[in-house]
Amino acid sequence: EFQTLFFRLKPRVVVNDNVYLHSELWFGTPMYGFFGDAPSANDLNAYNSTFSGGGVVSAQRFWAEVLTDVGNLHVGRAPLNWGLGLVWSAGDGLYDRFQSTGDVIRMVSKFGSFSFIPAAIKYRSNGDSISGGGTSDYAVALKYENPDDAFEGGVNLVRRVGGGMDPFAASLSGTTNSTTWDIFTRKKFGRLELAAEAPITSGRISGVTASTYALALEGRYAASDAWNFSTRLGHIPGQSGDASKIRGFFAHPNYKLGLILFNYQVAALAGKNFGPVADASVFNAPLTNANYLHLAGDYTSGKWEFRGSWTYAQALETA
């Protein structure tokens, strides 16, 4: 058995009209909790995030936002988010257990409906203080938002350099030098909303040639104030037995389809003495190796909400 208890606070200090200090404090952790049998362990998903460990109470994020004449400047350990969350997910959802966080210098400049967002991001493999080491992202995002047409879209170009990345190749320690084009769009047609994200990655990961992509589509229809219906479908390749090239794509662990399928790394329940997943989080089971279709609906009545879903998935690479 295992139990988790997690509490998060997000205090903000307004220094003046132009300077804001943001922070995020954790009591426990959503990946392991701090009551029960789930251990505080080494599996921190550090290939796309920096975590601060070492105590029951921890400061996971702390960054300054400075409003300037050319845009908003963000400096510090800040959240990362893009599109549907296949690559970067800030982890702001009620049941999100992971987050994309990095030591960031980022400028958000708006020109009418367009946003231009260059950023330099550093990740620490062990979650230490803001300083060198680990893996770096150099990103440039271009986004278009038009509230009148209920449309948004853009592309996030991420250049990643650094050391080996265990989630992709656990036995390899070569360098990583890869490029990801993450394309995203969302459009509303009255009560119907459609969205899509397509990350495309190429280069070298852990010293191995990588060429992969994923496609996720989402739709939501508000039939009434009480009834909502949604669908998700996508193509996320898996890794074959060919160790000479990485073709598998691993979605961010927050991108879940339902309560059961792709939701638990069952092997992690075996405890600390189980081979390569020793000290792993049971919740770190990224969506991969599947063509999938997910249909869901929810009904809200007063204080009650009822949800139901049906999911079908087919493995692309089989044993």
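Residues numbered from 1 in each chain as written. Predicted model: local features only at pLDDT ≥ 70, side-chain atom pairs only at ≥ 80, totals over all residues. Heavy atoms only, no water.

### Things to note about the overall build of the chain
- When helices and strands are tallied, the chain shows zero helices and 17 strands.
- For the chain, buried positions account for 40% of its 319 residues.
- For the chain, the share of sequence-separated contacts (at least 6 apart) that also reach a separation of at least 24 residues comes to 56%.
- By element, 59% of the accessible surface of the chain is carried by carbon and sulfur atoms, the whole surface being about 16700 Å². (Helix = DSSP H or I, 4+ residues; strand = E, 2+ residues; numbered from the N terminus. Buried < 20%, exposed > 50% of the residue type's maximum accessible area, 1.4 Å probe, protein only. Contact = heavy atoms within 4.5 Å. Areas by Shrake-Rupley, 256 points an atom, 1.4 Å probe, with all protein chains shown as cover.)

### Brief notes about the nonpolar core
- Ranked by size, the top nonpolar core spans 27 residues in total, and within it Leu84, Trp88, Ile121, Ile236, Tyr255, Leu287 and Tyr292 carry the most contacts.
- Listing elements by their share of this core, those giving two or more residues are strand E7 (114-123) and strand E8 (135-146).
- For Tyr292, the residues in contact, after removing those within four places along its chain, are Ala216, Arg232, Leu233, Gly234, His235, Ile236, Tyr255, Leu257, Leu287, Tyr312 and Ala313. (Core = buried A, V, L, I, M, F, W, Y, C linked by side-chain atoms within 4.5 Å.)

### Looking at the side chain of Ser178
- Assignment of secondary structure puts Ser178 in strand E10 (residues 176-189).
- Residue classification places Ser178 among the buried positions, given a relative accessible area of 5%.
- Discounting residues that sit within four places of it in the chain, Ser178 has contacts with Val158, Arg159, Arg160, Thr201, Ser202, Gly203, Arg204 and Ile205.

### Structural notes on the pattern of salt bridges
- Summed over all chains, the structure comprises twelve salt bridges.
- Residue Arg186 is joined to Glu193 by a salt bridge in which the shortest nitrogen-to-oxygen separation is 3.0 Å.
- The exposure class of Arg186 is partly exposed, given its relative accessible area of 23%.
- Put simply, Arg307 and Glu305 hold a salt bridge, and the shortest N to O gap is 3.2 Å.
- On the basis of relative accessible area, Arg307 is assigned to the exposed category, the value being 65%.
- Three or more residues joined by partner-sharing salt bridges are found here, namely Lys143, Glu152, Arg186, Lys188 and Glu193. (Salt bridge = Lys/Arg side-chain N within 4 Å of Asp/Glu carboxyl O.)

### Comments concerning a nonpolar patch on the surface
- A contiguous nonpolar surface patch, about 600 Å² in accessible area, is contributed by Leu215, Leu217, Leu233, Leu293, Leu295, Trp310 and Tyr312.
- Elements with a minimum of two residues in the nonpolar patch: strand E13 (215-222), strand E16 (290-301) and strand E17 (304-314).
- Residue position: Trp310 is located in strand E17.
- You can call Trp310 partly exposed: its relative accessible area is 48%. (Patch = residues over 30% accessible without salt bridge, like charges linked within 9 Å, V, L, I, M, F, W, Y side chains within 5 Å.)

### Overview of unusual backbone geometry
- The phi torsion at Ala150 lies on the positive side, around 55°, for a residue other than glycine.
- Relative to the assigned elements, Ala150 resides in the loop between E8 and strand E9 (151-162).
- Given a relative accessible area of 28%, Ala150 falls into the partly exposed group.
- Look at Asn289: it is not a glycine, yet its phi comes out positive at around 55°.
- Counting through the fold element by element, Asn289 comes out in the loop between strand E15 (245-246) and E16.

### Comments concerning the packing of aromatic side chains
- Here the structure, examined in full by the defined rule, presents seven aromatic pairs.
- Between Tyr144 and Phe151, the ring centres sit 6.1 Å apart and the planes meet at 50°, which makes this aromatic pair tilted.
- Taking relative accessible area as the criterion, Tyr144 reaches 24% and is therefore assigned partly exposed.
- Measuring from centroid to centroid gives 4.8 Å for Trp227 and Tyr299, while their planes differ by 45°, and the two rings are tilted. Residue Trp227 is located in strand E14 (residues 227-236), and its partner Tyr299 is located in strand E16; the two are separated by 72 residues in the primary sequence.
- Tyr299 gets classed as partly exposed once you look at its relative accessible area, which sits at 28%.
- Positioned over the ring face of Phe189 is Lys187, at 5.4 Å from the centre of the ring.
- Sitting over the ring of Tyr255, Arg232 keeps its end group 4.7 Å from the ring centre. (Phe/Tyr/Trp six-rings, centres within 6.5 Å; stacked < 30°, edge-to-face > 60°. Lys NZ or Arg CZ within 6 Å of the ring centre and 35° of its normal.)

### Quick notes on the confidence of the model for the chain
- Averaged over every residue, the pLDDT of the chain is 84; residues scoring 70 or more account for 82%.
- Scored below 50 in pLDDT, residues 127-131 makes 17 contacts in the model with residues more than four places away or belonging to other chains. (pLDDT = per-residue confidence, 0-100.)

### Digging into the environment of Asn156
- Checked against the element boundaries, Asn156 lands in strand E9.
- What makes Asn156 buried here is its relative accessible area of 2%.
- A C-alpha to C-alpha distance of 5.9 Å links Asn156 and Trp181, two positions 25 residues apart in sequence.
- Those residues within four positions of Asn156 in sequence are excluded, and the remaining contacts are Trp82, Trp88, Ala139, Val140, Ala141, Thr180, Trp181 and Asp182.

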